[in-house]
Amino acid sequence: RENAESWLQRYSYFEAGPQLLLQAFLQRIVNGGGRKAIEQFDVLGGEGDHPALRWTGCVPLPADSGPNGVAQMGDGTLVATSFLEPGQPDPWGTLENGAPLGRVMAARADGTWHTLDLGPLSGANGLAVGGDGKTLYVSEWGASRLLVVEGLARITKAIALPFRPDNIHRLA
């Protein structure tokens with residue numbers, strides 16, 4: 001939020017202002033319709049509630065994914081969640097029951113993606129990167145959990161929540 005006051009006072013819905021500003025700052029947007037890709041933009045400024053953006057490229061996602069969350073690790077590695085897998089019969093019923101559906105993926109240097117070996121997940125949704133740039137937090141909607149993942153390799157903690165977590169963001 002540092003130096004964001006001029007932008008935040010422009011939003012007519014103040015609660016959403018910090019989130020929109022954060023998304024613009026991260027310069028990443030997941031395109032779940034049409035082509036599946038992480039769209040990249042530069043934020044150029046703008047007037048009022050409308051920032052000016054310039055599209056700079058995209059990172060295609062696997063065709064068999066249902067993209068939702070995206071984050072960038074400290075080393076630049078892109079990670080993304082696949083919340084609802086295409087072709088899954090009754091996906092919402094599956095998630096409501098906490099059954100496995102979805103995954104967390106990481107991009108390789110050559111642009112291909114691999115699924116992280118984190119075991120079965122139920123509704124991998126939001127992602128946030130810890131201050132160290134190496135810890136990944138994953139909200140697991142169907143299982144009502146927040147997962148702490150170290151080095152994109154293993155879950156070190158699974159925190160049970162009394163609600164279904166959606167997208168998450170690190171505040172400090």
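Presented here is a report on the structure given in the accompanying data block. For clarity, every value in this text was computed on a predicted model and none was experimentally measured. (Residues numbered from 1 in each chain as written. Predicted model: local features only at pLDDT ≥ 70, side-chain atom pairs only at ≥ 80, totals over all residues. Heavy atoms only, no water.)

## Structural notes on the pattern of salt bridges
Here is step 1 of the chain: Scanning all chains against the criterion turns up 4 salt bridges.
Here is step 2 of the chain: Put simply, arginine 103 and aspartate 64 hold a salt bridge, and the shortest N to O gap is 2.9 Å. Here arginine 103 is found in strand β6 (residues 103-107), whereas its partner aspartate 64 is found in the loop between β3 (50-60) and β4 (67-72), with 39 residues between them in sequence.
Here is step 3 of the chain: You can call arginine 103 buried: its relative accessible area is 13%.
Here is step 4 of the chain: Taking relative accessible area as the criterion, aspartate 64 reaches 45% and is therefore assigned partly exposed. (Salt bridge = Lys/Arg side-chain N within 4 Å of Asp/Glu carboxyl O. Helix = DSSP H or I, 4+ residues; strand = E, 2+ residues; numbered from the N terminus. Buried < 20%, exposed > 50% of the residue type's maximum accessible area, 1.4 Å probe, protein only.)

## Structural notes on the sheet that holds strand β11 (residues 154-160)
Here is step 1 of the chain: Ordered by their spatial adjacency, 4 strands build an open sheet running β8-β9-β10-β11, and the pairing between neighbours is antiparallel. Each edge of the sheet is formed by a strand with only one pairing partner; in this case those strands are β8 (124-129) and β11. Each strand of the sheet is rotated relative to its neighbour by a mean of 25°, with strand direction disregarded.
Here is step 2 of the chain: Here strand β9 (residues 135-140) pairs with strand β10 (residues 145-150) via 6 bridges, running antiparallel. Each residue of the ladder has a partner; that of tyrosine 137, found in β10, is valine 148. (Pairing = 2+ DSSP bridges. Axes fitted to C-alpha atoms, helices over the stretch in contact; angles between N-to-C directions.)

## Description of the pairing of β4
Here is step 1 of the chain: With 4 bridges joining them, β4 and strand β5 (residues 78-82) adopt antiparallel strand pairing. By the bridge assignment, proline 67 is partnered in β5 with serine 82.
Here is step 2 of the chain: Linking β4 back to β5 in an antiparallel pair, the connection comprises 5 residues, with glycine 76 at a positive phi of about 95°.

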